[in-house]
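Per-entry structural report
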Amino acid sequence: GVEYLQTKHVPMVMIDRYYPDMADVSYVIIDNYEASYALVSRMLSEGYGKIAIVTTNPHLTTMDQRRKGYEKALEDGGIQVDSRLNITVPVYDYIGSLPASLETMFSEVPDVDGFFFTTHILLEEALKYFLSRDINVRDGHFAFSCMRSDPLMRLVVPDLRVAEFPENEMGQVAVDILVDEIEAKLHHSSLPVRSVVLRCKIC
């Protein structure tokens, strides 16, 4: 993995990942906290008050920041965080686990009115659940927001709120960093670690 490449002194840059214990590796990420905060705040401003978070991989710094953004938006909106609205599924079995988790959540909080998905993959699986239960996702009864998205998802949920990643900029910055590191290695020199955080566009 990354640790092995580090021992071989291979030039590298991480994209959309950041590990605090790998402080000597450059990375390019989005502002996960700010984007999550903005999405949830927007739903709150539209009148939705019982918003669930659907997430996975809580040990990842990126996912943890998205959860914290969600919680801070609720706090600033005067809403107490409700553990019953925190759906965290294992990444190795999210397809099998998510339907049962949603069933439990609906039974415990039947008046839930919003959903924040920390990744579009979870939104995709949740939509399968909603459609299989004939739950209308287009009439505005539920608010949906997601970190990143597939454009086709708007055909199912027209008013989907999305934090769009600046993918082109992320790629360009990452390539620039990698080229600089390769050139530095060729000249037997070193460069300081670069930590680049880019903002998402809320759509």
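Use the structure listed above.
Below: a short report on this structure. Treat the numbers as computed from the prediction; the structure is a model and nothing was measured.

What the 6 strands build is an open sheet, ordered E4-E3-E5-E6-E7-E9; its pairing is mixed. The open sheet is flanked by strand E4 (86-89) and strand E9 (201-202), the only strands paired with a single partner. Strand contacts of helix H2 (residues 32-45): strand E3 (51-56), strand E5 (114-117), strand E6 (143-147), strand E7 (161-164) and E9, with the helix running at about 170 degrees to E6, the strand carrying the most contacts.

It is worth spelling out the pairing of E7 at this point. Pairing analysis gives 3 bridges linking E6 to E7, with the strands arranged parallel. If you follow Met147 over to E7, its bridge partner there is Ala163. Where E7 lies against E9, 2 bridges are found, and the strand directions are antiparallel. Counted as the bridge partner of Glu164 is Lys201 from E9.

Bringing the packing of helix H4 (residues 94-108) against helix H5 (residues 120-132) into the picture now. H5 packs onto H4 with a crossing angle of 60 degrees between their chain directions and a minimal axis gap of 10 Å. Considering their axes alone, H4 and H5 lie oblique with respect to each other. In this structure, the crossing between H4 and H5 has a hand that is right-handed. Contacts from Tyr94, Ile95, Leu98, Pro99, Leu102, Glu103 and Phe106 in H4 reach Ile121, Leu122, Glu125, Ala126, Tyr129 and Phe130 in H5. Looking at the contact of H4 with H5 residue by residue, the class counts come to 11 nonpolar, no polar and 2 charged.

What counts and how
Residue numbering note: each chain is counted from 1, following its sequence as written. Totals for whole chains, interfaces and linings use all residues, but because this is a predicted model, local features are given only for residues with pLDDT of at least 70 and pairs of side-chain atoms are given and counted only at 80 or more. The side-chain numbers reported here are obtained from all heavy atoms of the structure, hydrogens and water having been left aside. When DSSP finds at least two bridges between two strands, those strands are taken to pair. Helix and strand assignments come from DSSP, with helices taken as H or I runs of at least 4 residues and strands as E runs of at least 2, each series counted from the N terminus. Whether two residues are in contact is decided by their heavy atoms, any of which lying within 4.5 Å being enough. In this analysis, axes come from line fits to C-alpha atoms, helices being fitted only over the stretch in contact, and the angle between any two N-to-C directions falls in the range 0 to 180 degrees. When describing relative orientation, an angle under 35 degrees is termed roughly parallel and one over 145 degrees roughly antiparallel, while 65 to 115 degrees is termed roughly perpendicular and anything else oblique. Each crossing gets its hand from how the near helix is turned against the far one by less than a right angle, where anticlockwise is left-handed and clockwise is right-handed. Classification used: nonpolar for Ala, Val, Leu, Ile, Met, Phe, Trp, Tyr, Cys and Pro, charged for Asp, Glu, Lys and Arg, polar for all others including Gly.

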